[in-house]
Amino acid sequence: PMPKDDAGKLAMVQARVEKKDPDAINYLGEMYFHEKFGLQKDMQKAVALWEEAAELGSIRALFNLGGSYDGGYGVQLDKAKGVEFYTKGAMQGCVLSRYALGQEEWEKRNHERALRHFLISAKMGLKASLEPIKQMFFAGLTTKEQYAEALKGYQDAVEET
C-alpha cells in the first residue's frame, strides 16, 4: 500500500533507490527538482541523480538531463548537450525527448525536421504534439495529409492503450 504521508512516500522511494532502481533514482531527482515529499529544491542533486539513473538505463532521466542542459538548471547552459540528451532519449523511445527535439527544431525554423519529430511523438500518443502540427498546417508549413496523418496516428496510439 502507498503511504499517505510524505515521509512514508520518500522512504519507499529511497528504499528503491538503494536497490539501484533507475526509475526510482530518476523519480527522486524529479522530487528534488519540484520540491516534493518535503525536500528542498536542489538542482545539482537532481542532476546527479538523473545522471546515475541514465547510466542505469532510465530514458526519462535522459529527457530530464536534456531539459537541465537546455535550460541551464543545475548545470551550465549548454543547448548542444541538451539536444544530445534529448536525442539519446528519443532514440530509446522517450516520447517527451522526441517532442523536445521537435521544439528545438521549431525554434531553429527547421520546420521539416520539427514536423518529423512532432509526427513521431503524436504517433506515440503525445497529445501535445498535435498543437504545433496544427499551427504549422494553418501557417501553410505542412499539408492537410500530414495533419491528418498526425491526428490518425495519435488516435491509433490512444486506442492501443
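Residues numbered from 1 in each chain as written. Predicted model: local features only at pLDDT ≥ 70, side-chain atom pairs only at ≥ 80, totals over all residues. Heavy atoms only, no water.

### Some remarks on the overall build of the protein
Part 1 of the argument: A count of helical and extended segments in the protein gives 9 helices and 0 strands.
Part 2 of the argument: Going from N to C terminus, the protein has its helices and strands arranged as α-α-α-α-α-α-α-α-α.
Part 3 of the argument: Over its C-alpha atoms, taken along the principal directions, the protein stretches across nearly 50 × 40 × 25 Å.
Part 4 of the argument: Scored against the burial criterion, the 161 residues of the protein give a buried share of 42%. (Helix = DSSP H or I, 4+ residues; strand = E, 2+ residues; numbered from the N terminus. Buried < 20%, exposed > 50% of the residue type's maximum accessible area, 1.4 Å probe, protein only.)

### A few points about the layout of surface pockets
A probe as big as a water molecule, rolled over the atoms, marks out the empty space that is left.
Part 1 of the argument: Computed from the structure, the largest pocket encloses a volume of approximately 160 Å³.
Part 2 of the argument: Looking at the largest pocket, the residues that line it are E30, F33, H34, W50, R60, F63, N64, G67, S68 and Y73.
Part 3 of the argument: Looking at the lining of the largest pocket, the elements that each hand over two or more residues are α2 (22–34) and α4 (59–71).
Part 4 of the argument: Of all the elements, α4 adds the most residues to the lining of the largest pocket, at 5 residues.
Part 5 of the argument: Among the residues forming the lining of the largest pocket, the class breakdown is 4 nonpolar, 4 polar and 2 charged. (1 Å grid on protein atoms, 1.4 Å probe; cavity = no way out; pocket = protein on both sides within 12 Å on 5 of 7 lines; lining within 4 Å. Points joined across faces, edges and corners; volume = space filled by probe spheres on them. Nonpolar A, V, L, I, M, F, W, Y, C, P; charged D, E, K, R; others polar.)

### Comments concerning the packing of helix α7 (residues 111–123) against helix α8 (residues 130–138)
Part 1 of the argument: It is at 9 Å that the axes of α7 and α8 come closest, and there the two elements cross at 140°. Taken together, the axes of α7 and α8 are oblique relative to one another. The crossing of α7 and α8 is left-handed. Residues H111, L115, F118, L119 and A122 of α7 pack against L130, P132, I133 and M136 of α8. (Axes fitted to C-alpha atoms, helices over the stretch in contact; angles between N-to-C directions. Parallel < 35°, antiparallel > 145°, perpendicular 65-115°, else oblique. Left-handed = near helix turned anticlockwise from the far one by under 90°. Contact = heavy atoms within 4.5 Å.)

### Thoughts on the nonpolar core
If you look at soluble globular proteins, the nonpolar side chains tend to sit buried side by side.
Part 1 of the argument: In terms of nonpolar packing, the biggest core is built from 23 residues, with V17, L28, Y32, L39, W50 and L65 touching the most fellow members.
Part 2 of the argument: Among the elements of the structure, α1 (6–18), α2, α3 (43–55) and α4 are those that each provide at least two residues to this core.
Part 3 of the argument: Residues in contact with L39, not counting those within four places in the same chain, are L10, L28, M31 and Y32.
Part 4 of the argument: Listed in part, the 13 residues of the second largest apolar core include Y99, A122, A150 and Y154. (Core = buried A, V, L, I, M, F, W, Y, C linked by side-chain atoms within 4.5 Å.)

### Notes on the side chain of S121
Part 1 of the argument: Relative to the helices and strands, S121 resides in helix α7.
Part 2 of the argument: On the basis of relative accessibility, which here comes to 0%, the residue S121 falls in the buried class.
Part 3 of the argument: Sequence-distant contacts of S121, defined by excluding residues within four places in its chain, comprise V95, R98, Y99, L126 and S129.

### Re the pattern of salt bridges
Part 1 of the argument: Within the structure shown, the criterion is met by 8 salt bridges.
Part 2 of the argument: E131 is paired through a salt bridge with K134; the nearest N and O atoms lie 3.6 Å apart. Of this pair, E131 and K134 both sit in helix α8, 3 residues apart, roughly one helical turn.
Part 3 of the argument: Here E131 falls in the partly exposed class, since its relative accessible area comes to 36%. (Salt bridge = Lys/Arg side-chain N within 4 Å of Asp/Glu carboxyl O.)

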